[in-house]
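Descriptive structure summary
What follows is each chain in one-letter form.
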Amino acid sequence: MIRGKLRFKEVYSLVKLISSFSKKLLSFLILVIAPAVGKNKPWESLSNTLENTDKAQIRVFKLRDHEGRGMDCLEVFQPRNKDKEGYYGVSHSLKNGVFAIHLTHSPDFEKWRHLKELDQHASQATIHETGDGAFLLAYEKDAPNSCWIRLRLYQSLNDLKTGQFSREIDIPRTLAPTAEGTPSFEEVKTSTKDFSNSEIKLRFHYFQNVRVDQLAHATLTDFQEWKAAPATTINTAIKKLGGNGNLGDRSKFSWKGKTYYLQEVQSTRLDWGSWGIFLCDENGLPLGRIRPSTPKKSSAFSNPAISRVKDAQGNQLLVFSAFLHSKGSALNEAGQMLTVIAEE
């Protein structure tokens with residue numbers, strides 16, 4: 001508080017000081033804060049691209065193969081240097097209470113021909129091609145009241161088509177007594193064709209306290225030694241954003257030079273209509289939920305998968321697929337959804 005009378009020079013100096021400070025503050029607001037206003041973050045552009053399925057080149061609901069078999073939890077892949085041969089997929093179906101994994105092929109993403117049943121009492125498959133053209137297949141293997149992760153090695157595309165695997169391992173559960181599954185590949189290194197000198201990093205879920213699925217990561221060394229640990233930081237971050245149910249399947253991919261994940265998240269335990277998909281950063285930490293648009297406004301999405309492929313003309317495409325649960329989805333949309341997006 002200023003007491004007494006101020007002389008003219010003192011008042012003038014005070015006004016100049018306030019004016020100078022105001023100009024500096026204004027300059028700060030213009031240079032630092034203003035550019036950020038209204039500017040989308042890179043991941044928001046990606047989120048919008050995945051959500052606006054009506055703008056996709058191709059959008060298919062209730063996907064089935066040529067024999068009428070469901071293609072649930074489809075993961076599309078394109079073998080290296082096989083751009084002209086169309087697209088392959090691994091998925092599962094349910095018949096008479098038994099899950100089975102299948103290999104399919106398509107020339108156009110819309111018509112799929114069944115090639116081979118790869119295993120029974122099996123689901124949630126994911127595939128990785130090595131540098132020398134071999135394929136690793138990882139999936140959930142089930143028995144009454146339990147499931148675990150199985151890996152198989154196929155030495156070539158032809159071996160995969162005929163179901164001839166050269167190695168197989170059933171991984172013992174170490175984090176949960178009854179269930180571990182939904183594997184996804186993080187990184188694969190090997191110096192031998194038979195993977196006797198190798199390192200395979202995966203992510204998966206485990207049934208924590210026989211109550212709720214949580215995320216974990218692990219390394220399989222030399223196709224025999226398994227070390228796993230909970231992904232506590234990711235689990236905590238997702239829970240803070242409302243993921244109070246199961247945390248399961250995920251898909252790692254790149255977009256404009258950056259790595260992202262799509263992660264399925266159940267908001268409420270035991271509520272199949274509360275499944276949704278989160279876009280996550282390169283570490284798997286959540287950035288925000290994506291809500292793909294559908295004509296009938298379906299809202300329950302899970303088992304996201306993203307892959308990058310090329311069309312016959314060499315154009316890059318992003319294939320985004322997800323499973324739409326019957327609870328929370330329209331009858332004519334529930335099942336497997338697939339969209340194809342041209343990369344910008």
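A quick note: this is a predicted structure, and the numbers were derived from the prediction, not measured.

Description of the overall build of the chain
- Along the backbone of the chain there are 4 helices and 20 strands.
- Taken across its 344 residues, the chain has 49% of its residues classed as buried.
- If you sum the accessible surface of the chain, you get close to 17,600 Å²; carbon and sulfur atoms cover 52% of it.

Here's the deal with the sheet that holds strand β3 (residues 87-95)
- If you walk across this open sheet you meet the 4 strands as β2-β3-β4-β5, and the pairing is antiparallel. With one partner strand each, in any of the chains shown, β2 (72-77) and β5 (113-120) form the two edges of the open sheet. Across the sheet, the axes of successive neighbouring strands diverge by a mean angle of 25°, strand direction being ignored.
- Judged from the 6 bridges that link them, strand β4 (residues 98-106) and β5 form a sheet pairing that is antiparallel. Considered in β5, the bridge of alanine 100 is made with glutamine 120.

A few points about the environment of leucine 157
- Here leucine 157 is to be found in helix α3 (residues 157-162).
- Look at leucine 157 and you get buried, because its relative accessible area is 12%.
- On a C-alpha basis, the gap between leucine 157 and glutamate 129 in space is 9.2 Å, while along the polypeptide they are 28 residues apart.
- Residues contacting leucine 157, with those up to four places away along its chain left out, are Pro79, Lys82, Tyr88, Gly133 and Phe135.

Observations concerning the packing of aromatic side chains
- Inspection of the entire model under this criterion finds 8 aromatic pairs.
- Geometrically, the ring pair formed by phenylalanine 77 and tyrosine 88 is stacked, given 5.8 Å between the ring centres and 25° between the ring planes. Taken as a pair, phenylalanine 77 in strand β2 and tyrosine 88 in strand β3 lie far apart in primary sequence, 11 residues in all. The same class applies to phenylalanine 77 as to tyrosine 88, namely buried.
- Among the aromatic residues, those joined into a ring-pair cluster are Phe77, Tyr88 and Phe135.

Regarding the side chain of serine 274
- Position of serine 274 relative to the elements: it lies in the loop between β15 (258-266) and β16 (275-280).
- A distance of 2.8 Å separates a polar side-chain atom of serine 274 from the backbone oxygen of aspartate 271.
- Residues within four places of serine 274 in sequence aside, it is in contact with Val265, Gln266, Ser267, Thr268 and Arg289.

Comments concerning the environment of asparagine 81
- Tracing the sequence through the fold places asparagine 81 in the loop between β2 and β3.
- Using a relative accessible area of 73% as the deciding quantity, one classes asparagine 81 as exposed.
- Through-space distance from the C-alpha of asparagine 81 to that of glycine 133 is 9.7 Å; in sequence the pair is 52 residues apart.

A short note on helix α4 (residues 232-240)
- Of all the residues in α4, the buried ones are Ile234, Asn235, Ala237 and Ile238. When α4 is viewed along its axis, its buried side chains cluster within an angular range of 165° and face the same direction. More than 90 degrees from the buried face of α4, the exposed residues found are Thr233, Lys239 and Lys240.
- In this structure, the buried side of α4 is in contact with β11 (198-208), β12 (212-221), β14 (247-255), β15 and β17 (286-290).
- At the C-terminal side of α4, glycine 242 shows a positive phi close to 105°.

Observations regarding the nonpolar core
- Grouped together as the largest cluster of nonpolar side chains are 21 residues, with contacts concentrated most on Leu136, Leu151, Ile200, Phe223 and Trp226.
- Contributing elements (two or more residues each) for this core: β7 (135-143), β8 (146-154), β9 (167-171), β10 (180-190), β11 and β12.
- The greatest single-element share of this core, amounting to 4 residues, is contributed by β11.
- Tryptophan 226 has contacts with Ile149, Ile171, Pro172, Thr174, Leu202, Phe204, Ala218, Thr219 and Leu220, leaving out every residue within four places of it along the chain.
- Counting residues in each nonpolar core, the second largest holds 20 residues, with Leu46, Phe301, Phe320 and Ile341 among its members.

Things to note about the confidence of the model for the chain
- Looking at the chain, pLDDT values average 91 and 88% of them are 70 or higher.
- With pLDDT under 50 throughout, residues 1-6 is counted as low confidence; its partners more than four residues away or in other chains account for 2 contacts.
- When the criterion is pLDDT under 50, residues 26-38 qualifies, and its contacts beyond four places in sequence or with other chains add up to 3 contacts.

Calculation notes
- Residues numbered from 1 in each chain as written.
- Predicted model: local features only at pLDDT ≥ 70, side-chain atom pairs only at ≥ 80, totals over all residues.
- Heavy atoms only, no water.
- Helix = DSSP H or I, 4+ residues; strand = E, 2+ residues; numbered from the N terminus.
- Buried < 20%, exposed > 50% of the residue type's maximum accessible area, 1.4 Å probe, protein only.
- Areas by Shrake-Rupley, 256 points an atom, 1.4 Å probe, with all protein chains shown as cover.
- Pairing = 2+ DSSP bridges.
- Axes fitted to C-alpha atoms, helices over the stretch in contact; angles between N-to-C directions.
- Contact = heavy atoms within 4.5 Å.
- Phe/Tyr/Trp six-rings, centres within 6.5 Å; stacked < 30°, edge-to-face > 60°.
- Polar contact = N/O pair within 3.5 Å; in protein donor to acceptor, adjacent residues only side chain to side chain.
- Arc of directions from axis to C-beta.
- Core = buried A, V, L, I, M, F, W, Y, C linked by side-chain atoms within 4.5 Å.
- pLDDT = per-residue confidence, 0-100.

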